[in-house]
Amino acid sequence: MSYSCDYLVIGSGVAGLAFALEASEHGDVILVTKRALDESNTQYAQGGVASVLAEDDTFESHIKDTLVAGAGLCHEMAVDVCVREGPGRIRWLLDLGARFSGKASAHHGPDEGIDLDLGREGGHSARRVAHAADMTGREIVRALLTALRERPNVRLLDNHAAIDLIMASKYGGPETCVGAYVLDASGEHVLRLLARSTVLATGGAGKVYLYTSNPDIATGDGVAMAYRAGAEIANMEFYQFHPTCLYHPRAKRFLISEALRGEGATLSLADGDKFMPRHHPRADLAPRDIVARSIDFEMKRTGSEFVLLDISHRPASFVRERFPGIHAECLKWGLDITTQPIPVVPAAHYMCGGITTDLYGRTTIPGLWAIGEVGCTGLHGANRLASNSLLEGLVLGHRAALKSRELIDELRGGPPPAVPEWEVGDAVPSDEKVIVTQNWDELRRFMWNYVGIVRSSSRLRRAAHRIALLQEEIQEYYWRFLLTRDLLELRNIATTAELIVSSAASRAESRGVHFTLDHLNPDPRFARDTVVKRGVPPHLRNS
Ligand code: FAD
Ligand code: SIN
């Protein structure tokens, strides 16, 4: 089966939904997403959206905080654009009906100030995080999806997984992306979706690691598809670990927002030792890479399996009202955060690198866009500042929609490329699904142990060796057996892992979230982006 549209959007997080809503004003949109429409990293975002909204805050201060966190690798233009366009995007969300926690009334006309309650997070020198209690992402998704469902020219296809991008060059055309092959909800048919603009909004890749704050959708599909298609990828070694996820033997890693520390929560060891002031002058509100590494250091030093995060000194009514989601989730595990400290550990959280784009989300392949966590505009550099990613998703979703609207008329009317239907070849149904689960578990475990918060050259070499072996097996399996969603995700996490490891191995220094025991400090010669392309190994390039 085959469909054509103006815009094919892959992913239903903040970036994909924002793009689809704005692009639909100018053309027809097909949006595909791998699971339910509201299943994404965005859905679980807690802290909020960083933006300069308080009278005593300034753009310069937000820019400076972002640059400091990014450890010398942020692209200044990207920082400038995202920070300055932030308040307009928040206003857009409020006008769409998003209900953020406020000090005063819920509605804000264009000339009124935005009177929101603003949270504080690590690395920020002011209160500037707009939020909906501790369930900000869910509220953003609700507002965007409600608006999108009213658009008659938008087709929303849930449980549809993109497999690969379609390049016209494979069929005698130019080096242009003209759509994607997509596995449908039944898992039995592959659709050929052709588009004038194809937008990757597939989010991050936390599932590359054994422990992650991310839901199961985060398997690096966008980066892997773009890499296979020949796009440039940058800064993949910078995988951010969130310092505080709930530690419970039976719970999946559940995030405990940095906003708790913004409201006075402190970290300690089991004996009450508050260790953060020893590690950084900003103590519990130090940038996230420093807090994660300090926890890792203290856990290894003392042999403990977790550290404690305590907000129980604040009034119980405040804690319940400000953090209703976290309070309820912890209660499910028998923990009352109004009276008890929370056992926490770090976990893989955010992919700072991604597909190289300009400030409109254009990749190095014409016709292909990448926005949100899957893209690399240079905003985050070597370490993302807390709550800057929802901001980037909103700003880039908007900018990409405006720019692609400008270009779509040029693209309309050209002859449709002669792209064949998906070919199954001699593939047969798999008889040994255990191969997929075995490879998946193995990969995630060695990525955690060898390529996690603390790395070394020999650990990276070991990981590279194992990835090569796994990839051989996965490739063979991929061609012999009929495609399943598990298999395509496994192939993508292996590619993403390969890019993280090879990029990390090429950076002989510690910077931002990349920390290696063999080179403990930053080296000015490495103050450049790592770029990689199929057939071209990672190398450094000035930003
Ligand atoms: P996502 O929201 O991850 O959406 C990706 C979409 O692509 C999903 O719908 C997925 O199903 C789909 N998809 C993936 N692969 C395919 C495929 N092959 N085919 C079809 N569809 C596909 N950031 C902040 O700024 N503030 C916060 O407070 C905050 N809190 C967070 C809390 C948690 C628990 C987590 C995990 C992240 C948090 N982040 C936060 C980070 C932030 O949520 C994400 O970076 C951001 O939401 C990414 O948005 P996105 O639109 O790029 O991707
Ligand atoms: C959090 O609420 O701690 C997450 C914020 C973020 O990842 O930006």
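This is a predicted model, so every value here is computed, not measured.

Engineer: Explanation requested: the pattern of salt bridges in the structure shown.
Structural biologist: Between side chains of opposite charge, a pair can form when the charged atoms approach closely. Applying the stated criterion across every chain yields a total of 36 salt bridges. The partner of glutamate 60 in a salt bridge is arginine 84, with the nearest N and O atoms 3.7 Å apart. Residue glutamate 60 is located in helix H2 (residues 59-69), and its partner arginine 84 is located in helix H3 (residues 76-96); the two are separated by 24 residues in the primary sequence. With relative accessibility at 37%, the residue arginine 84 sits in the partly exposed group. Here arginine 84 and aspartate 80 are joined by a salt bridge, their closest N and O atoms 3.2 Å apart. Of this pair, arginine 84 and aspartate 80 are both found in helix H3, four residues apart, which corresponds to roughly one turn of the helix. When its relative accessible area of 25% is taken as the criterion, aspartate 80 is described as partly exposed. Taken together, the shared-partner salt bridges connect Arg127, Glu263, Arg314 and Arg322 into one network.

Engineer: Help me understand the pairing of strand E19 (residues 536-541) in this model?
Structural biologist: Walk down a regular strand and you will see the side chains alternate between the two sheet faces. Where strand E18 (residues 529-533) lies against E19, four bridges are found, and the strand directions are antiparallel. Bridged to valine 531 within E19 is histidine 539. Adjacent in sequence and paired antiparallel, E18 and E19 are bridged by two residues, among which glycine 535 carries a positive phi angle near 85 degrees.

Engineer: Before we go on, may I ask you to explain the packing of helix H1 (residues 14-23) against helix H4 (residues 136-149) in this structure?
Structural biologist: Relative to each other, H1 and H4 sit at 30 degrees, their axes nearing to 10 Å. Between H1 and H4, the interaxial angle falls into the category roughly parallel. At the point where H1 passes H4, the crossing takes the left-handed sense. Residues Val14, Leu17, Ala18, Ala20 and Leu21 of H1 pack against Ile140, Val141, Leu144, Leu145, Ala147 and Leu148 of H4. In terms of residue class, the contact of H1 with H4 is made up of eleven nonpolar, no polar and no charged.

Criteria and cut-off values
- Residues numbered from 1 in each chain as written.
- Chains lettered and ligands numbered in written order.
- Predicted model: local features only at pLDDT ≥ 70, side-chain atom pairs only at ≥ 80, totals over all residues.
- Heavy atoms only, no water.
- Salt bridge = Lys/Arg side-chain N within 4 Å of Asp/Glu carboxyl O.
- Helix = DSSP H or I, 4+ residues; strand = E, 2+ residues; numbered from the N terminus.
- Buried < 20%, exposed > 50% of the residue type's maximum accessible area, 1.4 Å probe, protein only.
- Pairing = 2+ DSSP bridges.
- Axes fitted to C-alpha atoms, helices over the stretch in contact; angles between N-to-C directions.
- Parallel < 35°, antiparallel > 145°, perpendicular 65-115°, else oblique.
- Left-handed = near helix turned anticlockwise from the far one by under 90°.
- Contact = heavy atoms within 4.5 Å.
- Nonpolar A, V, L, I, M, F, W, Y, C, P; charged D, E, K, R; others polar.

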